[in-house]
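Each chain, written out:
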Amino acid sequence: MPSAIVMKCSKAIAAKQWNIAFAESATAGRMCAEFSLTDESGKILRGGIVCYDVFVKEQILNVPHLTITEHTPESAEVTLVLAQQASKIFNAKITVAITGLISAGGSESAEKPIGTIFFQIITPSRKMSHREVFQGTPEEIVVQAIDKTAHLILESMVSL
């Protein structure tokens, strides 16, 4: 069952008669799945793409190889390109891209520890970048990232 904030976010998107799409790396489709379980899913959910592997980021979503090698696959710069490309593909009012580190084996470092998540949200009037470090198991990090995404979307809609 989706969290209260995801349900509230879905209702707010539906109230504006908007839709939403996702480009998900760290959350691997879980965010799209959570939004699909809301009562408004048929009205708001355009779709999503899981771009967990670099191959998908480069070959499907056209993230330049140089951007990935200069900034790492889990970075604000890559997340921005993912959002821009997904926005073109899905033509949604809200496009969300997310990358990050939920477990060891990525580009983690002292400056970018496990739990670091990068968000990029594009709405008709705003582009929002956000970086946050979450604590917990991989699943706990993913769930926190999904709820944070819903919070950021609601925040961006209030400012319209």
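Scroll up for the structure.
About the cut-offs
- Residues numbered from 1 in each chain as written.
- Predicted model: local features only at pLDDT ≥ 70, side-chain atom pairs only at ≥ 80, totals over all residues.
- Heavy atoms only, no water.
- Phe/Tyr/Trp six-rings, centres within 6.5 Å; stacked < 30°, edge-to-face > 60°.
- Helix = DSSP H or I, 4+ residues; strand = E, 2+ residues; numbered from the N terminus.
- Buried < 20%, exposed > 50% of the residue type's maximum accessible area, 1.4 Å probe, protein only.
- Axes fitted to C-alpha atoms, helices over the stretch in contact; angles between N-to-C directions.
- Left-handed = near helix turned anticlockwise from the far one by under 90°.
- Contact = heavy atoms within 4.5 Å.
- Pairing = 2+ DSSP bridges.

J.: How would you explain the packing of aromatic side chains if you had to name every residue and give the values?
T.: Applying the stated criterion across every chain, the model contains two aromatic pairs. On the numbers, 5.3 Å between centres and 45° between planes, the contact of Phe22 with Phe35 is tilted. Here Phe22 is found in strand β1 (residues 20–24), whereas its partner Phe35 is found in helix α2 (residues 30–36), with 13 residues between them in sequence. For the pair shown, Phe22 and Phe35 are each scored as buried.

J.: Give me the lowdown on the packing of helix α1 (residues 4–15) against helix α7 (residues 138–158), citing residues and values where you can.
T.: α7 packs onto α1 with a crossing angle of 35° between their chain directions and a minimal axis gap of 9 Å. As for the relative orientation of α1 and α7, their crossing is left-handed in sense. The residues of α7 that touch α1, namely those facing Ile5, Val6, Lys8, Cys9, Ala12 and Ile13, are Ile146, Asp147, Ala150, His151, Ile153, Leu154 and Met157.

J.: With reference to specific residues and values, describe the environment of Leu101.
T.: Tracing the sequence through the fold places Leu101 in the loop between β3 (94–100) and β4 (116–123). Assessed through its relative accessible area of 2%, Leu101 is described here as buried. In this structure the C-alpha to C-alpha distance between Leu101 and Pro113, which are 12 residues apart in sequence, comes to 7.4 Å. With sequence-adjacent residues up to four places away left out, Leu101 is seen in contact with Glu74, Gly106, Ser107, Glu108, Lys112, Pro113, Ile114, Gly115, Thr116 and Ile117.

J.: An account of the sheet that holds strand β5 (residues 126–133) is requested, with residue identities and associated values reported.
T.: Ordered by their spatial adjacency, five strands build an open sheet running β2-β1-β3-β4-β5, and the pairing between neighbours is mixed. Strand pairing shows two members of the sheet lacking a second neighbour, β2 (45–50) and β5, which therefore form its edges. Taken over all neighbouring pairs, the strand axes of this sheet differ in orientation by 10° on average, direction set aside. Sheet topology places β4 next to β5; eight bridges connect them, and they run antiparallel. Along β5, the bridge assignment pairs Phe119 with His130.

Read these as geometric descriptors, not functional statements.
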